[in-house]
Amino acid sequence: MSIQLNKAQSVGNMGIMKHVVTMVMGIWLIVGLFIDGFAHNHGAVETFFTPWHAILYSGYLACAIWIFVITYQNKRARQATWAESIPAGYKLGVAGVIVFFIGGLGDMLWHTIFGIEKNIEALLSPTHLVLLTGALMILTSPYRAMSYTETEASPSFRRLLPALTSVALTFAVMAFFLMYAWSFRQNLWMAREEDAIARAVVDFLVTTMVLVLPVMLILRRWKLPFGTVTYFFVFEAVLMAVLDGFSHYGSIVILLISGIVGDVLFASVKEKEAGAWQYRGIFFVLPVLIWGLYFADLRLFHTLDWAPELWGGTMFICGLSSLGLSIMTTAPVTTVKNQ
């Protein structure tokens, strides 16, 4: 019996290592994306053929080759067709490789014909949205795969790391394409007019959703390993800080503190189902803490002209929105018990 368990564990670890390699390639791809975003934001892009595009597309090529390799290995081992040999959870990833390739060719043609976009135009460019679609299909593959294979309800952080990184990269890409709504990049102390304040409040809500949804997604499937919240928060904060050359480094500190507090709070909930009121309370507290630290930073080191009704109300509505989402994303009780 022990020999069989050891073999099963060995096979499982081999599978996890494949996901780890996929995520290394994915990080390569996304680092290139964020460096390219920095270049676009600072007017350093004048042609399609740039060093940052080289990082981006070489990362994509690495992902494509790796997915081909693990599919080919399955084909040889199983004597199956190519379609049957695609690893569980990776079929959308294969489609993503094709979609990204089409988007890359289109992007080269688009830039050649129409020139180089800047700022929001670059984010909403048709070819860039195709690239976004392909990247998301590739990056989510390890999460989908481990959702099928990882049956333990409370896996360790190390064991779950490929799935966590898959989710972190996915939401980092979403944050990238919503960079104009990332609150830490805004000069909030300059928002005094009614329209500017309204836009800032919406940005707080968008940023809150991008931060808390990855945690809710993992909690829906597994009990959170300690360190998950910190990993997600700091992962996004560091990548988003790249866009401005780390001039907004304060966001990393704020999200690091908030992530640690979040991990401690989640760890304090013992043997509870995902729908427990304690979890929902934490999802209310997290945005209040994040934006409380943010407003405190503005008050201490910058200028904050907002009335208490504005900054206090913003903290509360972000917390309330997070609470509402946590209720809606809770896994069915039967699913949780079966885990």
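Everything quoted here is computed from the prediction, not taken from an experiment. (Residues numbered from 1 in each chain as written. Predicted model: local features only at pLDDT ≥ 70, side-chain atom pairs only at ≥ 80, totals over all residues. Heavy atoms only, no water.)

1. Thoughts on the packing of helix α4 (residues 91–114) against helix α6 (residues 126–139)
Condition: Structural elements are reduced to axes, namely lines fitted to C-alpha atoms, with helices fitted over the stretch in contact, and the angle between N-to-C directions of any two is expressed from 0 to 180 degrees. Counting from the N terminus, the helices are the DSSP runs of H or I reaching at least four residues and the strands are the DSSP runs of E reaching at least two. The scheme is simple: roughly parallel for angles under 35 degrees, roughly antiparallel for over 145, roughly perpendicular for 65 to 115, oblique for anything else. Take the far helix as the reference: if the near one is turned anticlockwise from it by less than a right angle, the crossing is left-handed, and if turned clockwise, right-handed.
Orientation of α4 relative to α6, taken along the N-to-C sense of each, is 160°, at an axis distance of 7 Å. Comparing the axis directions of α4 and α6 gives the class roughly antiparallel. By crossing handedness, the relation of α4 to α6 is classed as left-handed.

2. A word on the pattern of salt bridges
Between side chains of opposite charge, a pair can form as their charged atoms come close. The condition that has to hold: We define a salt bridge as a side-chain nitrogen of Lys or Arg found within 4 Å of a carboxyl oxygen belonging to Asp or Glu. A simple rule labels every residue: compare its accessible area, found with a 1.4 Å probe on the protein chains alone, to the largest value its type can have, and call it buried under 20%, exposed over 50%, or partly exposed in between.
As enumerated under the stated definition, the model contains three salt bridges in all. Its salt-bridge partner being E150, residue R159 comes within 2.6 Å of it at the nearest N-O pair. Residue classification places R159 among the partly exposed residues on the basis of a relative accessible area of 26%.

3. What to know about the nonpolar core
The cut-off we apply is this: Residue types Ala, Val, Leu, Ile, Met, Phe, Trp, Tyr and Cys, when buried and joined through side-chain atoms within 4.5 Å, form a set referred to as a nonpolar core. Contact definition: two residues touch when any of their heavy atoms are within 4.5 Å.
Counting 88 residues, the largest nonpolar core has I30, F34, I218, F266, W291 and F295 as its most contacted members. Broken down by element, this core gets its largest block of residues, 12 residues, from helix α8 (residues 157–177). In contact with W291, other than residues within four places in its own chain, are S183, F184, F204, T207, T208, M315 and C318.

4. Quick notes on the environment of F49
Tracing the backbone shows F49 in the loop between α1 (2–41) and α2 (51–78). Along the chain, F49 and M108 lie 59 residues apart, while their C-alpha atoms are 8.6 Å from each other.

5. So, the packing of aromatic side chains
To keep it simple, the criterion reads: What counts as a ring pair is set by centres within 6.5 Å for rings of Phe, Tyr and Trp (its six-membered ring), and what kind of pair is set by the plane angle: stacked under 30 degrees, edge-to-face over 60, tilted for all other angles.
Throughout the structure, instances matching the rule amount to 25 aromatic pairs. Seen in terms of ring centroids, F184 and Y294 are 5.6 Å apart; in terms of plane orientation they differ by 85°. Their pairing is edge-to-face. Linking F184 in the loop between α8 and α9 (194–221) with Y294 in helix α12 (residues 277–301), this pair joins segments that are 110 residues apart in sequence. As far as burial versus exposure is concerned, F184 and Y294 are alike and both buried. Grouped by ring-pair contacts, the aromatic residues W182, F184, F204, W291, Y294, F295, W306 and W311 constitute a single cluster.

Read these as geometric descriptors, not functional statements.
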